[in-house]
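# Architecture at a glance
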Number of protein chains: 2
Amino acid sequence: MNSAEKSASVSSHELPTGFRFAGATGGIKASGKSDVSLIVSDRPCVAAAVTTTNQVFAAPVQICRERTPRATCRAVITNSGNANACTGQEGIDDAIAMCGQVAKLIGCDAEDVLVMSTGVIGQRLPMEKVQRGIELASEALGSSERDFLAAADAICTTDSYRKTASTTFQTDGKTYRIAAMCKGAGMIAPNMATMLGVIVTDFPMSGPEAQASLSRIVERTFNRVSVDGHTSTNDTVVLLSSGAGDWVTSDEAAAEFVEAATDTCLKLAKLLVADGEGAVRFFEVAVEGASNDADALTIAKCVAASPLVKTAIQGGDPNWGRIVSAAGYAGPPIEVGKTSLSIEGHCVFRDGRPLAFDATDMSGRMKQASEVKLLLRVGDGSGASKYWSSDLTEDYVRFNSLYTT
Amino acid sequence: MNSAEKSASVSSHELPTGFRFAGATGGIKASGKSDVSLIVSDRPCVAAAVTTTNQVFAAPVQICRERTPRATCRAVITNSGNANACTGQEGIDDAIAMCGQVAKLIGCDAEDVLVMSTGVIGQRLPMEKVQRGIELASEALGSSERDFLAAADAICTTDSYRKTASTTFQTDGKTYRIAAMCKGAGMIAPNMATMLGVIVTDFPMSGPEAQASLSRIVERTFNRVSVDGHTSTNDTVVLLSSGAGDWVTSDEAAAEFVEAATDTCLKLAKLLVADGEGAVRFFEVAVEGASNDADALTIAKCVAASPLVKTAIQGGDPNWGRIVSAAGYAGPPIEVGKTSLSIEGHCVFRDGRPLAFDATDMSGRMKQASEVKLLLRVGDGSGASKYWSSDLTEDYVRFNSLYTT
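Being a predicted model, the structure only gives us computed values, none of them experimental. (Residues numbered from 1 in each chain as written. Chains lettered and ligands numbered in written order. Predicted model: local features only at pLDDT ≥ 70, side-chain atom pairs only at ≥ 80, totals over all residues. Heavy atoms only, no water.)

### Things to note about the overall build of chain A
Note the following rule: Put simply, DSSP H or I for four residues or longer makes a helix, DSSP E for two residues or longer makes a strand, and each gets a number counted from the N terminus. Both definitions apply: the radius of gyration is a C-alpha atom measure, and the globule rule equals 2.2 Å times residues to the power 0.38. Accessible area is worked out with a 1.4 Å probe on protein chains only. A residue is then buried under 20% of its type maximum, exposed over 50%, and partly exposed in between.
What chain A contains, in helices and strands, is 12 helices and 15 strands. On C-alpha atoms alone, chain A measures out to a radius of gyration of 22 Å, which is about the 22 Å that the 2.2 N^0.38 rule sets for 405 residues. A principal-axis box enclosing the C-alpha atoms of chain A has dimensions of 70 × 55 × 35 Å. Residues counted as buried form 62% of the 405 residues belonging to chain A.

Put into structure tokens, the structure is as follows:
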């Protein structure tokens, strides 16, 4: 991803009505960067959340699971710098206290506040600093783009840049807005990655509709990218809808929302991978011809996760052997005699046999590509899927080998 | 693994009777190192083989599958420097021709010769050089340890040292010998790893017995180690028994053979991981308390494969968060409240909560350990398993990022 594309994350955003945003500095981070992010809905809004599949999950994840979907959500409070994970009952109490403080400040039931955390695991939250940050954030709430960006900045950890995206779409003769933010960059010293995301929209939907839509959106975006395949204890994506729920939208309109939100989140997901620690280059693995889409996804994910493929991408090495063999051990059946591979649009392996190609020229194309495209056909099936990943670099190893505990 | 342990691979070996060995240089390798290895059984011997699970498999793998198990095997011919993979029907013809040439030279049916290859994939074998190597090897055959070691040297590729092991065991009042060799070091430029192994013994068994025993041996040894999880197109392990098949051994004796051979192959498997490209340190992941052994193995393998865990081992970082969270996303159910972790015998995480420990001291222990031991208890179940892996280093990335195609 080149700088032009990265800068898309700071282009102007049209924000949905009904939400206010703030970022503040409570002092949780030693760096002094903002570490408390608050999003408030002026009226009760519909909220849905998807959370980590890790059996070891953080206290705020448990709270989000218990409180979604719901139609009376008023706020999402997020702290960065401490994940509040592996902290036992005290951690649960701290997460509940964060929600309670926000509820008092904005005037709502504590149950109507959601909470997210990201950072070091295994340590209690420094609650005085968290409380200070929440106070400051509640005083800074605003509905301008500057406020939205401040909230997006405050959820970042090792991210090298803020990650936001937005869009508008028309349906049923109305115009709706979607704005979203996320954070994530691979690892957070001294522990593991966390991906957090918030999607706000004025498109109306019920709680169950929001939950179903969010699951479909995440499955095709944040669940299609990987920096290192290490699932965090804190991963959470929240969808907030301020749309009036007193009228029902058509199924077509709901589908259009999912499509628009998917496009927006895919942009964020790619920014997340491109910002993977140590990542220099990122790549797309498109698989076609599998028995079904699920098999295609399994194969694409396996190719994208192979350290041999990731180092080949890093080196600009059109190493078809590593890619084809990764497809061969992914699990789903492939027709080797009908397996073909294109790198950056050039076929280098067709029907199970390598083709002659100018390796030096191909290497140059790979090194210049902002997103190296691999297209792998594994048979005559109708199954197709895509997956995105970052390369594996010496910087990644250096960063994560540093003695940091 | 320290140098003392590594040197075990070149300690003296007691070889089973009935086999002759040779290594020769046909010129397949640009380096000029030996690249043709020949093992001959003076009498028809029992042969079994296990091969790669990769759907993209090399020509010699197909030949080995077709010809095992069998009770009339006379030889195994191996070339290094070219994998004869993704070479189509011509590759099959070349592999068959290698066997045919050996059969003529030693006087047996071509069907009684097995073949293995390792090296670059996607290129035809340089048959003149292969044939020259086979001729030289057949003239150099001998039954001394020097001959055995020459055969072991000739199967190596990027290995930094030869990998051999042997043992003797007594059963039914008789003494039997097992000698084994293997190669493998992660990657072979410009393509993927290949693990090859040969086990020779004078313990008598039938073809089906040999096949069943070899599967059990490999499952607990070579299938329990990983450098990068990338399954090769050429992986093959062959078991040869020169024992007279005219009498039946007891089940107890057969079990004792499996145990002795497993100990021998586990030594080789560890040498293989310790020699992983760029590997500085290697580590054992022991999982206990799982629902069953299969679940324990899945969890151990997931922890051992995590880039975050591998880089932590590299950095001497007692990073319990990375290890526990990897167990959390492995798949099999774990009881987080009953999950505990010990690093080098020191408990750092007990019943779902981190313990206070001297991180600097622990880091020192990890850096000094020849084999860092991780013991993870995930509940009260009876399932237990072990897995071995190497750390992830900048050298690994540097080696595999080099533009080599």
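### So, the interface of chain B and chain A
Filter applied, for reference: The contact rule is simple, with two residues in contact once any of their heavy atoms fall within 4.5 Å. What counts as a salt bridge is simple: a side-chain nitrogen of Lys or Arg found within 4 Å of a carboxyl oxygen of Asp or Glu. By the criterion applied in these results, polar contacts are pairs of N or O atoms within 3.5 Å in which, for protein atoms, one can donate a hydrogen and the other can accept it, and in which residues neighboring in sequence qualify only through two side-chain atoms. Under the convention adopted here, Pro, Cys and the residues Ala, Val, Leu, Ile, Met, Phe, Trp and Tyr are nonpolar, Asp, Glu, Lys and Arg are charged, and Gly plus all remaining residues are polar.
With 63 residues of chain B in contact, the opposing surface of chain A contributes 63 residues. In this structure, the connection of chain B to chain A is made through 4 salt bridges. A salt bridge links E394 of chain B to R398 of chain A, with the shortest nitrogen-to-oxygen separation between them at 2.8 Å. Remark: the boundary between chain B and chain A carries 10 residue pairs in polar contact (both at pLDDT 80 or more). Elements with a minimum of two residues in the side of chain B that touches chain A: α3 (88–106), α9 (307–315), α10 (320–329), β13 (353–354), α11 (359–368) and α12 (394–401) of chain B. Residues that form the side of chain B that touches chain A fall into these classes: 27 nonpolar, 29 polar and 7 charged.

### Considerations on the sheet that holds strand β12 (residues 346–350) of chain A
Sheet strands associate in pairs through backbone hydrogen bonding, adopting either a parallel or an antiparallel arrangement. Residues and elements named next belong to chain A. To be explicit about the condition: A pair of strands is considered paired only if DSSP assigns at least 2 bridges between the two. Structural elements are reduced to axes, namely lines fitted to C-alpha atoms, with helices fitted over the stretch in contact, and the angle between N-to-C directions of any two is expressed from 0 to 180 degrees.
Taking strand neighbours across the sheet as the criterion, the 7 strands line up as β8-β15-β10-β14-β11-β12-β13 in an open arrangement whose pairing is mixed. The open sheet is flanked by β8 (225–226) and β13 (353–354), the only strands paired with a single partner. Bridge count for strand β10 (residues 282–290) against strand β14 (residues 371–377) is 7 bridges, and the pairing is parallel. Bridged to E288 within β14 is R377. Across the sheet, helix α8 (residues 293–305) lies against β10, β14 and β15 (383–390), angled at about 25° from β15, the strand it touches most.

### Quick look at the relation of the copies chain B and chain A
Quick reminder of the rule: Least squares is used to superpose the copies, and the fit set is the C-alpha atoms of residues whose pLDDT is at least 70 in both copies.
The operation relating chain B to chain A is a screw motion whose rotation component is 180°, with 0.0 Å of axial translation and a residual RMSD of 0.0 Å. In short, the pair behaves as if placed about a two-fold rotation axis. Of every C-alpha in chain B, the one belonging to E394 of chain B sits nearest the axis of rotation, 2.4 Å from it.

### Remarks on the sheet that holds strand β11 (residues 340–343) of chain B
All names here are of chain B. Across the sheet, 7 strands lie side by side as β8-β15-β10-β14-β11-β12-β13; this open sheet has mixed pairing. A single partner strand is all that each edge strand has here, and the edge strands are β8 (225–226) and β13. Seen against the sheet, helix α7 (residues 251–274) touches β8, β10 (282–290), β14 (371–377) and β15 (383–390) and runs at an angle of roughly 45° to β15. Packing against the sheet, α11 makes contact with β11, β12 (346–350) and β14, and its axis sits at approximately 120° to β12.

### Describing the UniProt feature "binding site: substrate" (unreviewed entry) in chain A
All names here are of chain A. The line we're drawing: UniProt positions are given in the numbering used here, feature names are shortened, and annotations may be inferred rather than shown by experiment.
Under the present numbering, the feature "binding site: substrate" (unreviewed entry) in UniProt falls on T157, K183, T194, E277, N400 and T405. Structurally, K183 can be placed in strand β6 (residues 174–183). Its place among the elements puts N400 in helix α12 (residues 394–401). Judged by relative accessible area, N400 falls into the buried class, the value being 0%.

### Considering a negative patch on the surface
The following threshold applies: Candidate patch residues must exceed 30% relative accessible area and have no salt bridge, after which like charges are joined if within 9 Å and Val, Leu, Ile, Met, Phe, Trp or Tyr side chains if within 5 Å. Computed with the Shrake-Rupley method and a 1.4 Å probe, the accessible areas treat only the protein chains shown as cover for residues. Positive charges are assigned to Lys and Arg, negative charges to Asp and Glu, while His and the chain termini are left out of the count. In plain terms, the charge of a residue is placed at NZ if it is Lys, CZ if Arg, CG if Asp and CD if Glu.
Together, D172, E209, D251, E252 and E256 of chain A make up a region of like negative charge exposed at the surface. Here the negative patch takes 3 residues from helix α7 (residues 251–274) of chain A, the largest share from any one element.

### Notes on the packing of aromatic side chains
Residue and element names in this part refer to chain A. Just so we agree on the cut-off: When two rings of Phe, Tyr or Trp (its six-membered ring) have centres within 6.5 Å they constitute a pair, described as stacked for plane angles under 30 degrees, edge-to-face for angles over 60, and tilted for the intermediate range.
Across all of its chains, the model carries 14 aromatic pairs over all chains by this definition. Here the aromatic rings of F169 and Y176 are separated by 5.7 Å at their centres, their planes lie at 40°, and the arrangement is tilted. Exposure class is identical for F169 and Y176. Each is buried. Considering the side-chain rings of F169 and F257, the 6.3 Å spacing of their centres and the 45° angle between planes classify their relative orientation as tilted. Taken together, the residues F169 in strand β5 (residues 163–171) and F257 in helix α7 connect sequence positions 88 residues apart. What makes F257 buried here is its relative accessible area of 1%.

### Quick notes on the environment of S215 of chain B
Residues and elements named next belong to chain B. Position of S215 relative to the elements: it lies in helix α6 (residues 207–219). Overall, S215 belongs to the partly exposed group, its relative accessible area being 36%. When the C-alpha positions of S215 and V50 are compared, they lie 6.8 Å apart, and in sequence the two are 165 residues distant.

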